[in-house]
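Chain by chain, the residues:
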Amino acid sequence: MSLDIIGWGALNVDRLCKVNEFAPMDGETFIYDETKSCGGSASNTIIGTAKLGLKSGYVGKIGSDSNGQMMKEYLIENNVNTDHLIESDGETGEVIGFVDNEGNRKLYVTPKINDKIYNEDINRDYLLDSKVLHLTSFVGLNPDDPSINTQFELLDELSSNITISFDPGMLYVNRGKEFMDKLISYTDILLINESELLITTQEEDFEKAVEKIAPKVDILVVKRSINGSFIKKDDEEYNIGIFKVDTVDTTGAGDAYNAGFLFGYINGYSLEESGIIGSYIAAQSTTKTGATEAIPNIQDIDISEIIQSLKK
């Protein structure tokens, strides 16, 4: 089956707890609402691309528990191909998140079976029969957990034959410069937020950080929160603004941006237009609780109108 994009990363069920404000150090607060939804950075992005009409698939590992079945059903409901979803005995990964009244969040990850993906679990032909392979991080709590090594082994084998999109997240950034240098060497499209960029380059100045990273990848995309995003490819540079919405929950906003940008890239939109689409999808994703529930379906939006509204 030929696909537009395949995601590969941790699959988690998100328990999102709403609080009026985060508890202070050594203090306590109360949870006034709790929801359970499907998440994981790469899967959030791939669900977004599927909602936007791309033929999307996923490689990841779920357990034999009810959370695993919930995750699989949610992917299928959102038209994500799960032919190579890995199912195994064990518990599915989980994220416990706390969201305050301003939409800010704190997330705590329990990787569980996510860290148990072996080289032989991955079907090479499935990965190569797509235009883009989008990857995100694994926790890798223990040195003998195989998922991170499996990811790099496959990148070493396949990266010259497929476009690699990577959103490393803070988990990978915190592994240090040598780790990130290796990761970036395989990457065509680097989707990274500003804090991660500065840590990775060990720079305090944004422009100097860009100068260090941009020559190492084909396309650099920096997500800058309320300051929009920055995109660079060779001599092309774009600063993309934001769409103002009533924010409820920022969980997964960066993943939603990725979905919009990659949708634009795969469909042949310019880098600037792809960034605008990403900005719009990110904004919409924050209008409901959960990472993907508010991402619109392609038939409900007008891409041309979205692009023009931010270009004005």
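Conventions used here
- Residues numbered from 1 in each chain as written.
- Predicted model: local features only at pLDDT ≥ 70, side-chain atom pairs only at ≥ 80, totals over all residues.
- Heavy atoms only, no water.
- Pairing = 2+ DSSP bridges.
- Helix = DSSP H or I, 4+ residues; strand = E, 2+ residues; numbered from the N terminus.
- Contact = heavy atoms within 4.5 Å.
- Axes fitted to C-alpha atoms, helices over the stretch in contact; angles between N-to-C directions.
- Buried < 20%, exposed > 50% of the residue type's maximum accessible area, 1.4 Å probe, protein only.
- Salt bridge = Lys/Arg side-chain N within 4 Å of Asp/Glu carboxyl O.
- Parallel < 35°, antiparallel > 145°, perpendicular 65-115°, else oblique.
- Left-handed = near helix turned anticlockwise from the far one by under 90°.
- Nonpolar A, V, L, I, M, F, W, Y, C, P; charged D, E, K, R; others polar.
- Expected span 1.5 Å × (residues − 1).
- Phe/Tyr/Trp six-rings, centres within 6.5 Å; stacked < 30°, edge-to-face > 60°.
- Lys NZ or Arg CZ within 6 Å of the ring centre and 35° of its normal.

Caption draft 1: Highlighting the sheet that holds strand β11 (residues 163-166). Strand order across the open sheet formed by 9 strands is β6-β4-β1-β10-β11-β12-β13-β14-β15, with mixed pairing between neighbours. Single-partner strands in this sheet number two, and they are β6 (80-81) and β15 (236-240). Two strands pair when backbone bridges link them, and strand β1 (residues 3-8) and strand β4 (residues 56-59) are joined in this way by 4 bridges, in the parallel orientation. Bridging across to β4, Trp 8 finds its partner in Val 59. This element, helix α7 (residues 194-201), spans β12 (189-193) and β13 (219-223) of the sheet and lies at about 105° to β12.

Caption draft 2: The environment of Glu 272, seen in detail. Residue position: Glu 272 is located in helix α10 (residues 271-285). By relative accessible area, which is 27% here, Glu 272 ends up partly exposed. Once the C-alpha coordinates of Glu 272 and Asp 144 are considered, the two residues, 128 residues apart in sequence, prove to be 42 Å apart. If sequence neighbours within four positions are ignored, Glu 272 has contacts with Tyr 238, Ile 240 and Lys 311.

Caption draft 3: Quick peek at the pattern of salt bridges. Tallying each qualifying case throughout the model produces 15 salt bridges. Residues Glu 194 and Arg 224 are paired through a salt bridge, measuring 3.0 Å at the closest nitrogen-oxygen approach. Placement of the pair is Glu 194 in helix α7 and Arg 224 in the loop between β13 and β14 (229-233), with a sequence separation of 30 residues. Relative accessible area serves as the criterion here: at 18%, Glu 194 is assigned to the buried category. On the basis of relative accessibility, which here comes to 19%, the residue Arg 224 falls in the buried class. Residues joined by salt bridges that share partners form a network here, namely Glu 91, Glu 94 and Lys 112.

Caption draft 4: View of the pairing of strand β9 (residues 105-110). As paired strands, strand β8 (residues 93-99) and β9 are joined by 6 bridges and run antiparallel to one another. Bridge pairing in β9 places Glu 94 opposite Thr 110. As consecutive antiparallel partners, β8 and β9 are separated by 5 residues, and within that stretch Gly 103 has a phi angle of approximately 85°, a positive value.

Caption draft 5: Inspection of the packing of helix α1 (residues 41-51) against helix α9 (residues 253-266) at higher detail. The contact between α1 and α9 brings their axes to 8 Å, and the two run at 45°. With respect to α9, the element α1 is oriented oblique. Seen from above, α1 lies across α9 with right-handed handedness. When α1 is examined against α9, the residues Ser 41, Asn 44, Thr 45, Gly 48 and Thr 49 are found in contact with a partner set consisting of Asp 255, Asn 258, Ala 259 and Leu 262. Residues of the contact of α1 with α9, tallied by class, amount to 2 nonpolar, 6 polar and 1 charged.

Caption draft 6: How the structure looks around helix α4 (residues 147-158). If you check α4, its first and last C-alpha atoms are 16 Å apart, about what 12 residues at 1.5 Å a residue would give, namely 16 Å. Where α4 is buried, its residues touch β1, α3 (124-128), β10 (130-135), β11, α5 (169-173) and α6 (177-185).

Caption draft 7: Representation of α10 in the model. The terminal C-alpha atoms of α10 lie 21 Å apart, and with 15 residues this matches the ideal 21 Å at 1.5 Å per residue to within 8%. Of all 15 residues in α10, 13 are buried, a share of seventy percent or more.

Caption draft 8: How the structure looks around the pairing of β4. Burial along β4 is two-sided: Ser 56 and Tyr 58 and Gly 57 and Val 59, pointing in opposite directions, are all buried. In terms of strand pairing, β4 meets β6 through 2 bridges, oriented parallel. Bridge assignment links Ser 56 to a residue of β6, and that residue is Val 80.

Caption draft 9: Quick look at the sheet that holds strand β3 (residues 31-39). The 4 strands are arranged β3-β2-β8-β9 in an open sheet whose pairing can be described as mixed. Strands with a single pairing partner mark the edges of an open sheet, and in this sheet they are β3 and β9. Direction aside, neighbouring strands of the sheet carry axes that sit 20° apart on average. Two strands pair when backbone bridges link them, and strand β2 (residues 12-19) and β8 are joined in this way by 7 bridges, in the parallel orientation. In the strand pairing of β8, Arg 15 is matched with Ile 96. Contacting β2, β3 and β8, helix α2 (residues 66-77) crosses the sheet at an angle of about 65° to β3.

Caption draft 10: The arrangement of the packing of aromatic side chains in detail. A full pass over the atoms with the stated rule returns 8 aromatic pairs. Both rings, one in Phe 152 and one in Tyr 186, keep their centres 6.2 Å apart while their planes meet at 55°; by these two values the pair is tilted. Taken together, the residues Phe 152 in helix α4 and Tyr 186 in the loop between α6 and β12 connect sequence positions 34 residues apart. Consider the rings of Tyr 172 and Phe 179, whose centres lie 4.9 Å apart with planes at 65°: the pair is edge-to-face. In this arrangement the basic side chain of Lys 182 is found over the ring face of Phe 152, its NZ or CZ atom lying 4.9 Å from the centre.

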